[in-house]
Amino acid sequence: MHTRNLILTALLTALPLAAQTTNTTTLIDVDHRATTSLDGDWHYIVDPYATGLYSFHGDVRADGFFMNADPALAGNRPVEYNFATSPTLKVPGDWNTQDPKLFYYEGVLWYQRDFTYTPKANTRTFLHIGAANYQSHIWVNTKSVCEHEGGFTAFDCEVTAALKPGKNFVVISVDNTRKPENVPTVKTDWWNYGGLTRDVSLIDVPQSFIDEYDLHLSRTTPGLIEGWVHVEGAAAGSPVTVAIPELKATVSVTIGEGSRATIALPTKSLSPWSPESPKLYKVALTAGADALTDDMGFRTIEARGIEIVLNGKPVFLRGMSVHAEAPYRTGRAVTQKDIDTLLDWAQELGCNFLRLAHYPHDERMTRAADKRGILIWSEIPDYWALQFANPAVLAKSTQQLTEMVRRDRNKAAVILWSVANETPNTEARTKFLTTMANRARAMDASRLITAALLVRNKGHNESGEGKVNTSEPNAKVVDDPLGEALDVIGTNEYIGWYERTPESADNTTWDIKYQKPLIMSEFGGEAKFGNHSKATPPARWSEEYQATIYEHQLPMLNKIPQLRGMSPWILMDFRSPSRLLPGTQDNFNRKGLITENGEKKKAFYVLQKAYKNKTVGKAE
Ligand code: GCU
């Protein structure tokens, strides 16, 4: 214990502490690599004043007072912490739902655990973090190995040089303090669950290894799988092979510019991936000493006029929005059971599509969607009023986009990258998000780029200012300039909840500027399960009121010519710090069709009937 504390002391002296990301990468297909899991119980220390990071004058700790356990180093200063005798938290998992004292905690919390390691020749080792909300600093055996900002994307830090044979330890400080310059910024309608919220593991790879690839079905040449493979540390000319044994298809090429090999793999009788037949193929990739397999589906997705076209055929997205909130247990959804429960409910509802709100979810979710044939909208948390004029914020947003695309670019289920939700129509915002949309398209031209836009009433701007045009009180307009940069328009509206009555949907008109596919990415209202109303119209907060909203929404939406999908808000009630109505909300947003305890509200059956009978959406 003593040595560990000593080592931690040294750690802090090396600590540049501004919120940032350094020395990280994102290895892909990690769940198909041999890994050493570091999940389990980790000691933790709650450090509300960041005492371990900053001195009493707020500068980066130079002497490492907080972590100092070596009298020689610290003189006769007292040692004021001890991981070994500190309580433990489960990793992966948020800290808020594990310890009632941490329910509202926002700040720095330190994680520490020991592990044994046996170095292997010609091997590099990475510490893989599935996600850590929000700002994390990582040390292995006193060496500062990396820092990462962003709470919902995976990252990997090389620890080869820091490891030693036998006993090792890792320390991670995680800070979920909300800041205006963060992504997301200070206000969100979801709980700011902090911690090491997804799997942590060690990954061994050869000196040069496959760290990224993109393999997708060509939109122009039937059966051709095209893309590239990047081999970190590989010299030009070294071999790369991609094979799909089931299709007797193999291609061997050599590495060219930038450690990348271009792939063109013709196949015969490939069965394209779709919700009806989510066919996955075992794909084997080799590059020198490195070998990797992946389970991949191949499909094409395009926007043609106002159609979303999957494998050459128009498709309608019957979906739901969902947060990464764990059913029953609440807190961050991390286990396969959490994911399967949410997907079981979505499929019971008749969904072929899910909007993963408002941040990338655990990889188990996109893997499971691949297996089950559920089309996915994946989003980065450019949510509400980011600091759009701040270049550092654009860099953070781009980093999160890069990490999201990198992890899931080979998941056939993922068809839409969303760069934002409900952002104000300002020049800075439009410039920022247009850049983001173009960067997403540059990273991945095989998918569709979208965002959830605000809609306005005729005579009003998006934020509702201005005079209602008395002649058309129910006239909705979709002309947010950001729509120009998108392939698919997402729009959120809450007719019958935040404005007007459920019935007013019946005579609401939609003036949509864009001849592009439109997804109604949010609509709905709240209901407390078991709260019933016999009144006509039914009382707000009752299941009948929520059902009425759906009964009037679906026919209205069907009248929108560009409508090619919907993801009502929301599959399951989820925790939110801004939902405070006692006895009804109690820190939960109650717009779910299902409660966090799995209770189905009346509206669940209204939508299920429409989805099962395909009475919503254009005939496919
Ligand atoms: C917004 C927002 C959601 C929020 C929802 C609501 O549109 O995008 O994050 O939870 O509305 O108000 O319930």
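Check the entry above for the structure.
Since the model is a prediction, treat every value here as computed from it, not as a measurement.

**Q** Honestly, the overall build of the protein chain in this entry has me stumped. Any pointers?
**A** Of the regular secondary structure elements, the protein chain holds eight helices and 33 strands. Here the protein chain has a C-alpha radius of gyration of 25 Å; the compact-globule value for 620 residues is 25 Å, and the two agree. For the C-alpha atoms alone, the extent of the protein chain along its principal axes is close to 80 × 60 × 45 Å. Sorting the 620 residues of the protein chain into buried and exposed places 61% on the buried side. Pairs at least 24 apart in sequence give 73% of the contacts found in the protein chain among residues at least 6 apart. Taking the 67 positively charged and 72 negatively charged side chains of the protein chain as two groups, their mean positions are separated by 3 Å.

**Q** Can you walk me through the site of the ligand in this structure?
**A** Around the ligand sit 14 residues in total, of which Asp189, Glu422, Tyr498, Glu522 and Lys591 are the nearest. Between Asp189 and the ligand, the recorded distance is 2.5 Å, taken from a side-chain N or O atom to an oxygen atom. At a separation of 2.5 Å, an oxygen atom of the ligand approaches a polar side-chain atom of Tyr498. A total of 310 Å² of accessible area belongs to the ligand in isolation, and the protein chains cover 97% of it. Put simply, the ligand lies in the second largest pocket. Tallied by class, the residues present in the shell around the ligand amount to five nonpolar, four polar and five charged.

**Q** Would you take a moment to explain the pattern of salt bridges for this structure?
**A** Working definition: two side chains of opposite charge can pair if their charged atoms are close together. Tallied over the entire structure, the rule returns 44 salt bridges. Where Asp479 meets Arg456, a salt bridge forms, and the shortest distance between an N and an O atom there is 2.7 Å. In this pair, Asp479 sits in the loop between strand 27 (475-478) and strand 28 (488-492) while Arg456 sits in strand 26 (residues 456-457), placing the two residues 23 residues apart along the sequence. Accessibility expressed as a relative area gives 18% for Arg456, which makes it buried. Of the charged contacts in the structure, one is a salt bridge between Glu499 and Lys476, with a shortest N-O distance of 2.6 Å. Here Glu499 is found in the loop between strand 28 and strand 29 (509-512), whereas its partner Lys476 is found in strand 27, with 23 residues between them in sequence. Residue classification places Glu499 among the partly exposed positions, given a relative accessible area of 22%. Sharing partners across several salt bridges, the network here consists of Asp29, Asp31, Asp294, Glu363, Arg367, Arg407, Asp408 and Lys411.

**Q** Mind showing me how you'd approach the environment of Ser173 here?
**A** Residue placement: Ser173 occurs in strand 9 (residues 166-175). Remark: the alpha-carbon pair of Ser173 and Ile45, spanning 128 residues in sequence, is separated by 9.2 Å. With residues near it in sequence (within four places) discarded, Ser173 still touches Leu53, Val108, Leu109, Trp110, Gln135, Ser136, His137 and Trp139.

**Q** Can you walk me through the state of the cysteines in this structure?
**A** Such a bond, covalent and formed between the sulfur atoms of two cysteines, is termed a disulfide. In the structure shown here, the tally under the stated rule is one disulfide. In this model, Cys146 is linked to Cys157 through a disulfide, with the two sulfur atoms separated by 2.1 Å. Its torsion about the S-S bond being 65°, the disulfide of Cys146 and Cys157 is classed as right-handed. Here the residue Cys146 occupies a position in strand 7 (residues 143-149), and Cys157 occupies one in strand 8 (residues 155-158), the gap between them amounting to eleven residues. Taking the relative accessible area as the measure of exposure, Cys157 reaches 0% and is therefore buried.

**Q** What is the right way to read the side chain of His358 from this model?
**A** Within the secondary structure, His358 is located in the loop between strand 22 (353-356) and helix 4 (363-372). For His358, a relative accessible area of 1% gives the class buried. In this structure the side chain of His358 is engaged in a polar contact, spanning 3.4 Å, whose partner is the side chain of Arg355. A distance of 2.8 Å separates a polar atom in the side chain of His358 from a polar atom in the side chain of Glu379. Contacts of His358, omitting those with residues within four sequence positions, involve Trp190, His323, Glu379, Ile380, Pro381, Tyr383, Asn421, Glu522 and Trp569.

**Q** For this particular structure, what's the right way to read the packing of helix 3 (residues 336-349) against helix 4?
**A** Direction vectors running N to C along helix 3 and helix 4 enclose 45°, while the axes themselves pass 10 Å from each other. In this view, helix 3 runs oblique relative to helix 4, as classed from their interaxial angle. Here helix 3 and helix 4 pass one another in a crossing that is right-handed. Across the interface between the two elements, Gln336, Ile339, Asp340, Leu342, Leu343, Asp344 and Gln347 of helix 3 pack against Arg364, Met365, Ala368, Ala369 and Arg372 of helix 4. For the contact of helix 3 with helix 4, the class distribution of residues is six nonpolar, two polar and four charged.

Reading guide: rules and limits
Residues numbered from 1 in each chain as written. Predicted model: local features only at pLDDT ≥ 70, side-chain atom pairs only at ≥ 80, totals over all residues. Heavy atoms only, no water. Helix = DSSP H or I, 4+ residues; strand = E, 2+ residues; numbered from the N terminus. Rg over C-alpha atoms; globule rule 2.2 N^0.38 Å. Buried < 20%, exposed > 50% of the residue type's maximum accessible area, 1.4 Å probe, protein only. Contact = heavy atoms within 4.5 Å. Lys, Arg positive; Asp, Glu negative; His and termini not counted. Charge placed at Lys NZ, Arg CZ, Asp CG, Glu CD. Near = heavy atom within 4 Å. Polar contact = N/O pair within 3.5 Å; in protein donor to acceptor, adjacent residues only side chain to side chain. Areas by Shrake-Rupley, 256 points an atom, 1.4 Å probe, with all protein chains shown as cover. 1 Å grid on protein atoms, 1.4 Å probe; cavity = no way out; pocket = protein on both sides within 12 Å on 5 of 7 lines; lining within 4 Å. Sits in = over half its atoms within 2 Å of the grid points. Nonpolar A, V, L, I, M, F, W, Y, C, P; charged D, E, K, R; others polar. Salt bridge = Lys/Arg side-chain N within 4 Å of Asp/Glu carboxyl O. Disulfide = S-S within 2.5 Å. Axes fitted to C-alpha atoms, helices over the stretch in contact; angles between N-to-C directions. Parallel < 35°, antiparallel > 145°, perpendicular 65-115°, else oblique. Left-handed = near helix turned anticlockwise from the far one by under 90°.

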